[in-house]
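# Inside the fold
Here's the letter readout for the chains.
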Amino acid sequence: MELSRGLFEFVRQLSENPANTVFGLVRDKAAVDYKVAAEIGRRNIHIIQADTTDPAALEKAAQYVSEKTNGTLDYIIANAALQAKTALVGFNTLSNNSEALEQDLIDHFRINAIGPVHLFNIFIPLILNGRAKKVIAISTGMSDPNMTLKADIFQATSYAMSKAALNMAVAKFSALYREKGVLCMAICPGAVDTGSLQIATEEEGQRAMAMFQKFKDYSPTFQGPIKPEDSVKSVLALVNKATVDSVYAGIFISHTEGQLYL
C-alpha cells in the first residue's frame, strides 16, 4: 500500500481490529511512521519503505511481509496514484506542448497502471497462500467511457486513461487467478477529498469548479467530494462482501454498487 491521505484511512480502519496485521508501503517511511504513531498509535501496523514502480523494492517488501506472516497475505489494496494538475484541463490545452503531454501520459501510466501490475505480480504468491485471497485496485469513475460521454468530461485525460488500463489489468489478473480462488476487482471509491489536486490559484480553482460541474451534470445529487473515512468504510464493506465465485470477479464497480460513481 502506498500511504497517501486516502490510504492512511484504510490503514486506520483496518488496524482497528487487533487481529489484523496491516502493512503499508510508502516512499517516506520516517514521515509516515511519525504520522501513524501520532494519529493511530497501534502496534499491528508495519510501515515499509517501497515504491510500487520499483520491482526490487517491492521484492524486499514482500520478503519482509512473508517473514512476518509465515508466507501468507489475505488482502492487497493498491491505492497509489498520480493525479497531477493536468487533471483540470483537456487535450486541447495539453496539445500546446507535445513533449510535456507525452511525459504526462507516461508518468500516469507508470504509477497508476504499471506500478499495480508489479505489486500484484510480486505479492501474488503470498495471496495464494492466504485465506481471503483478495486483490483490490482503487480506480475511478473517470475511467468509464459512459461517464465521460454522458457529461462530456474532457478533463483528467492521462489520469482517466491510465486508470482504464488498470481496470483491464485487474480483469487480466482475474482471468489468470480466478480458478485458484483469488478475487481480483477494481473499485471506484467515489470523489474523495484527499487534497491531491492542491488548488493554489484562482484559475486552478475555476478549473476545478468546472470539472465538479461536469460531475454534477452526470450525477445531479453530487454535492462535492466525500470524506476519506466515509469512502473507505463503503469500499471495505464491498470488499468484505465480494466473493470470487460471484459477479464481482474481475469487474470494475462503484463503491456504492450503483451505476453512478459519485
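Owing to the predicted nature of the structure, the values given are computational and were not obtained by experimental measurement. (Residues numbered from 1 in each chain as written. Predicted model: local features only at pLDDT ≥ 70, side-chain atom pairs only at ≥ 80, totals over all residues. Heavy atoms only, no water.)

## A few points about the sheet that holds strand 5 (residues 183–188)
Spatially, 4 strands are ordered 3-4-5-6 in an open sheet, and the strand pairing comes out parallel. At either end of the open sheet lies a strand with only one pairing partner, and these are strand 3 (75–78) and strand 6 (252–254). Averaged over neighbouring strand pairs, the angle between their axes works out to 25° when direction is ignored. Of the strands in this sheet, strand 4 (134–138), strand 5 and strand 6 are in contact with helix 7 (residues 157–177), which crosses strand 5 at around 160°. (Pairing = 2+ DSSP bridges. Helix = DSSP H or I, 4+ residues; strand = E, 2+ residues; numbered from the N terminus. Axes fitted to C-alpha atoms, helices over the stretch in contact; angles between N-to-C directions. Contact = heavy atoms within 4.5 Å.)

## Some points on the nonpolar core
One finds Leu25, Ile76, Leu119, Phe120, Phe123 and Val135 to be the most contacted residues of the largest nonpolar core, which totals 28 residues. Taken together, the elements giving at least two residues each to this core come down to strand 1 (22–26), helix 3 (55–69), strand 3, helix 5 (98–129), strand 4, helix 7 and strand 5. In terms of residues, this core owes the most to one element, helix 5, which gives 7 residues. (Core = buried A, V, L, I, M, F, W, Y, C linked by side-chain atoms within 4.5 Å. Buried < 20%, exposed > 50% of the residue type's maximum accessible area, 1.4 Å probe, protein only.)

## Details of helix 5
Each α-helix winds once per 3.6 residues, and so residues spaced three or four apart point in a common direction. Along its 32 residues, helix 5 runs 46 Å from first to last C-alpha, staying within 8% of the 46 Å computed at 1.5 Å per residue. Taking the largest bend as the criterion, helix 5 deviates by roughly 50°, centred on phenylalanine 123, and proline proline 125 comes between one and four positions later. Between a side-chain oxygen at the N-terminus of helix 5 and the backbone nitrogen of glutamate 99 the separation is 3.3 Å; the capping residue is asparagine 97. (Expected span 1.5 Å × (residues − 1). Bend = angle between axes of the 7 residues up to and from the residue. Polar contact = N/O pair within 3.5 Å; in protein donor to acceptor, adjacent residues only side chain to side chain.)

## Observations regarding the pattern of salt bridges
Overall, the coordinates contain 8 salt bridges when judged by the stated rule. The salt bridge involving arginine 12 is made with glutamate 16; its shortest N-O contact spans 3.1 Å. Judged by relative accessible area, arginine 12 falls into the partly exposed class, the value being 26%. With a shortest N-O distance of 3.0 Å, lysine 35 and glutamate 39 are connected by a salt bridge. With lysine 35 and glutamate 39 both in helix 2 (residues 29–39), this residue pair falls 4 residues apart, about one helical turn. A single salt-bridge network, built from bridges that share partners, covers Glu9, Arg12 and Glu16. (Salt bridge = Lys/Arg side-chain N within 4 Å of Asp/Glu carboxyl O.)

## Some thoughts on the environment of leucine 82
Relative to the elements of secondary structure, leucine 82 occurs in the loop between strand 3 and helix 4 (91–94). C-alpha separation for the pair leucine 82 and alanine 62, spaced 20 residues apart in sequence, amounts to 23 Å. For leucine 82, the residues in contact, after removing those within four places along its chain, are Asp107, His108, Ile111, Asn112 and Tyr159.

## Examining the packing of aromatic side chains
Two descriptors summarise a pair of aromatic rings, namely the distance from one centre to the other and the angle between the planes of the rings. By the definition in use, this model includes 6 aromatic pairs. Between phenylalanine 120 and phenylalanine 173, the aromatic rings sit 5.4 Å apart at their centres with planes inclined by 90°, giving edge-to-face as the arrangement. You can see phenylalanine 120 sitting in helix 5 and its partner phenylalanine 173 sitting in helix 7, a full 53 residues away along the chain. When the ring of phenylalanine 173 is compared with that of tyrosine 177, the centres are 6.5 Å apart and the planes differ by 15°; the resulting orientation is stacked. Taken as a pair, phenylalanine 173 and tyrosine 177 lie in helix 7 at a separation of 4 residues, close to a single helical turn. (Phe/Tyr/Trp six-rings, centres within 6.5 Å; stacked < 30°, edge-to-face > 60°.)

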